[in-house]
Amino acid sequence: MVNLDWNNLPFGYVKTNFNVRCYFRDGKWSEPEISDSEYINIHIAATGLHYGQESFEGLKAYRGHDGRIRLFRWEDNAKRLISSANGIKMEPVPVELFKEAVFTAVRLNEKFVPPYGSGASLYVRPLLYGSGPEVGVKPAKEYTFIVFVTPVGPYFKGGIKPVNMLICRDVDRAAPFGTGNIKVGGNYAASLRAIVRAHDEGYGNVIFLDSKEKKYIDECGPANFFGIKGNTYVTPQSESILPSITNKSLIAIAEKMGMKIERRKVAVEELAEFDETGACGTAAVISPISKIVDPDTGKIWEFCKDGKPGPVSLKLFNKLVGIQYGDEPDDFGWITYVEA
Ligand SMILES: Cc1ncc(COP(=O)(O)O)c(C=O)c1O
């Protein structure tokens, strides 16, 4: 293992040894190539630069108590990248090629997979973009697919920490028939004004509402929203939110724990009825929400008043993290080992 301060890693970029690159040219994908450079050579007229033909994924590899490396639900990320590619007319990366590139990138950087017990993991970032030149607005004929990895610390040191959220009405991250349900760079660019303002005002993140009526909760910056009401797990149904793999996993766990699941529109006023609320995604797993502020109406909803995550959120968090690190049985078949 390389010598890093594993217990104090930030959620940021750390250089690793290798990345993997594949090129779509003349109607076919190349074999994965291994690179030790952190840089790419890109055509000045690449559609990825001009017209936002770009999509990315995020998944994690975990080292278990047995030293083995586990990838969590990689196939779901492969499928979501296909859906993103189709959504902005890019050449999709076949599932098998995605698998080979991701597993090769993790294997080659095995020394960067943090030790068990550090709470850290290896973040895997697949990236697909139009690399062929066009000047008119049209899809590229050539595409580049890159997978790089970087070790990341736990989003919140020492487990899960409640955060405050700011409701946003004056910025839309996605339009009703736009690209909110796929993972393309444009959505993130559109969300930055709102996220930076929320951070500047001391909030953990922003809650976006549906763009049309501004009545229903969409999602929380780069994470899905959920609420716990008694024995029910409630999460928004919307055409413009990213289908989160973490949310899907929490739903499966909650269902198995005997909870009722409701995936439906969640009106802002319903916040008053939840016992717990949270944001979920690969980075933090669950960020419990302690306070939601609506700057337009002046309303404030408070949860976890003792500063601690709610019991249901904590139970869901512990179960999911337990599966990811191999401390809990992989009852759902979510883990694939990366053998050396
Ligand atoms: C906009 C958005 N919503 C939700 C999520 C959570 O998705 P996942 O659980 O698959 O990481 C992410 C992160 O990928 C995201 O960027």
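Quick caveat: nothing in here was measured; it's all calculated off a predicted structure.

The rules we used
Residues numbered from 1 in each chain as written. Predicted model: local features only at pLDDT ≥ 70, side-chain atom pairs only at ≥ 80, totals over all residues. Heavy atoms only, no water. Helix = DSSP H or I, 4+ residues; strand = E, 2+ residues; numbered from the N terminus. Contact = heavy atoms within 4.5 Å. Axes fitted to C-alpha atoms, helices over the stretch in contact; angles between N-to-C directions. Parallel < 35°, antiparallel > 145°, perpendicular 65-115°, else oblique. Left-handed = near helix turned anticlockwise from the far one by under 90°. Nonpolar A, V, L, I, M, F, W, Y, C, P; charged D, E, K, R; others polar. Phe/Tyr/Trp six-rings, centres within 6.5 Å; stacked < 30°, edge-to-face > 60°. Lys NZ or Arg CZ within 6 Å of the ring centre and 35° of its normal.

Enquirer: For this particular structure, what's the right way to read the side chain of Thr144?
Expert: Here Thr144 shows up in strand S8 (residues 143-152). Among all residues touching Thr144, those that are not within four sequence positions of it are Cys22, Tyr23, Leu127, Leu128, Tyr129 and Ser131.

Enquirer: Hey, could you run me through the packing of helix H2 (residues 74-87) against helix H3 (residues 95-108) in this one?
Expert: The angle between the axes and the distance between the axes are what describe a pair of packed helices. H3 packs onto H2 with a crossing angle of 125° between their chain directions and a minimal axis gap of 10 Å. For the element pair H2 / H3, the angle class is oblique. Helix-helix and strand crossings are classified by hand; for H2 and H3 the assignment is right-handed. Between H2 and H3, the residues in contact are Trp74, Glu75, Asn77, Ala78, Leu81 and Ile82 and Val95, Phe98, Lys99 and Phe103, respectively. Among the residues forming the contact of H2 with H3, the class breakdown is 7 nonpolar, 1 polar and 2 charged.

Enquirer: Hey, could you run me through the packing of aromatic side chains in this one?
Expert: Two aromatic rings, taken as a pair, are described by how far apart their centres are and by the angle between their planes. Per the counting criterion, the structure on display carries 11 aromatic pairs. Taken together through their ring pairs, the aromatic side chains of Phe72, Phe332 and Trp334 make up a single cluster. Its end group placed over the ring of Phe103, Lys99 keeps NZ or CZ at 5.5 Å from the ring centre. Positioned over the ring face of Phe332 is Lys256, at 5.4 Å from the centre of the ring.

Enquirer: What's the story with the packing of helix H5 (residues 245-256) against helix H6 (residues 311-325) in this structure? I'm lost.
Expert: Contact geometry of H5 with H6 gives a least axis separation of 10 Å together with a crossing angle of 110°. As judged from the angle between their axes, H5 and H6 are roughly perpendicular. From H5, Thr246, Ser249, Leu250, Ile253 and Ala254 reach across to H6, where they touch Leu316, Lys319, Leu320 and Ile323. In the contact of H5 with H6, the residues fall into 6 nonpolar, 2 polar and 1 charged.

Everything listed here is a matter of coordinates, which is why it stays silent on function.
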